[in-house]
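Analysis of the macromolecular model
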Amino acid sequence: MMSSRTTMTPRFEDIPRRIFLDSSTLQTLQTYGGFLYENEPISSDDRIHRDPKGAAKLEALRFIMQVGERAPFEFALSKNSFAEVQQRGDRAYLQWAYDVLDHWLACLEASGEPHGNAKALAAIDAPTYNYLGAGDRALLRDAIGLECDAFLTMENKLPKCRRHIQSTLGIRVFSPIEFWEALRPWAALFR
């Protein structure tokens, strides 16, 4: 019998395919595109280093995006994602978000309109989720409504609640590090 602490390789079928990009992830993809896609260096005084896991999350995100060039991932955004992007007031970021949206709309067109999980959509408004801020709650609601398998965030707080969120809402919350750990055993299949 295996210990509950034993790490098992995730099954291939368990790799998320439809992934909601939290605005923190979307912003990171845009801000660090040179590093993620062109292998450009990051200075040692860059703000990513303020987060003790920042460099590791960025490196994991790079690996995810490399695999994502060939994997059947659908990266999802929502109206609430765009509201957060617009609040930043950065035209280049907004234009880039529209480019990501074009990919997402093509995915939706190919797979059909999602219907969401009505039970989970209702559950997210329960008092047990009061620990979520309004923005996180709205984005999680969108991810559930869009039938996403996963919610990818650069934040540190939300992934700590992953077990509660997955068991009650049916969506997995990942930091890039955790997502890469699940994807890594299968990454060679997409190269």
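Below you will find a few notes about this structure. Remember, it's a predicted structure, so these values are computed and weren't measured experimentally.

1. Quick look at the pattern of salt bridges
By the definition in use, this model includes six salt bridges. A salt bridge links R11 to D14; the shortest N-O distance between them is 3.0 Å. According to the relative accessible area criterion, R11 is exposed, its value standing at 52%. We note a salt bridge from D51 to K57, for which the minimum N-O separation is 2.6 Å.

2. Topic: unusual backbone geometry
In this structure, N39 takes a positive phi of about 60° despite not being glycine. Mapped onto the elements of the fold, N39 is located in the loop between α2 (33-38) and α3 (54-68). A residue is classified by how much of its surface remains accessible, and N39, at 56% relative accessible area, is exposed. Phi angles above zero are rare outside glycine, and E147 is one such case at about 60°. Among the secondary structure elements, E147 is positioned in the loop between α7 (134-145) and β3 (150-152). Classification of E147 as partly exposed rests on a relative accessible area of 37%.

3. Observations regarding the packing of helix α4 (residues 79-88) against helix α5 (residues 91-111)
Where α4 contacts α5, the axes come no closer than 9 Å and their chain directions differ by 160°. Here α5 runs roughly antiparallel to α4, going by the angle between their axes. In this structure, α4 meets α5 at a crossing whose hand is right-handed. For the pair formed by α4 and α5, the contact residues are F82, V85, Q86 and R88 on the first element and Y93, L94, A97, Y98 and L101 on the second. In terms of residue class, the contact of α4 with α5 is made up of seven nonpolar, one polar and one charged.

4. What about the sheet that holds strand β4 (residues 172-174)?
If you walk across this open sheet you meet the four strands as β2-β1-β3-β4, and the pairing is parallel. Looking at which strands have only one partner, the edges of the open sheet turn out to be β2 (74-76) and β4. Pairwise comparison of adjacent strand axes, ignoring direction, gives a mean angle of 30° for this sheet. As paired elements, strand β1 (residues 18-21) and β2 share three bridges and run parallel to each other. In the strand pairing of β2, R18 is matched with E74. Packing against the sheet, helix α9 (residues 176-183) makes contact with β1, β3 and β4, and its axis sits at approximately 110° to β4.

Procedures and definitions
Residues numbered from 1 in each chain as written. Predicted model: local features only at pLDDT ≥ 70, side-chain atom pairs only at ≥ 80, totals over all residues. Heavy atoms only, no water. Salt bridge = Lys/Arg side-chain N within 4 Å of Asp/Glu carboxyl O. Buried < 20%, exposed > 50% of the residue type's maximum accessible area, 1.4 Å probe, protein only. Helix = DSSP H or I, 4+ residues; strand = E, 2+ residues; numbered from the N terminus. Axes fitted to C-alpha atoms, helices over the stretch in contact; angles between N-to-C directions. Parallel < 35°, antiparallel > 145°, perpendicular 65-115°, else oblique. Left-handed = near helix turned anticlockwise from the far one by under 90°. Contact = heavy atoms within 4.5 Å. Nonpolar A, V, L, I, M, F, W, Y, C, P; charged D, E, K, R; others polar. Pairing = 2+ DSSP bridges.

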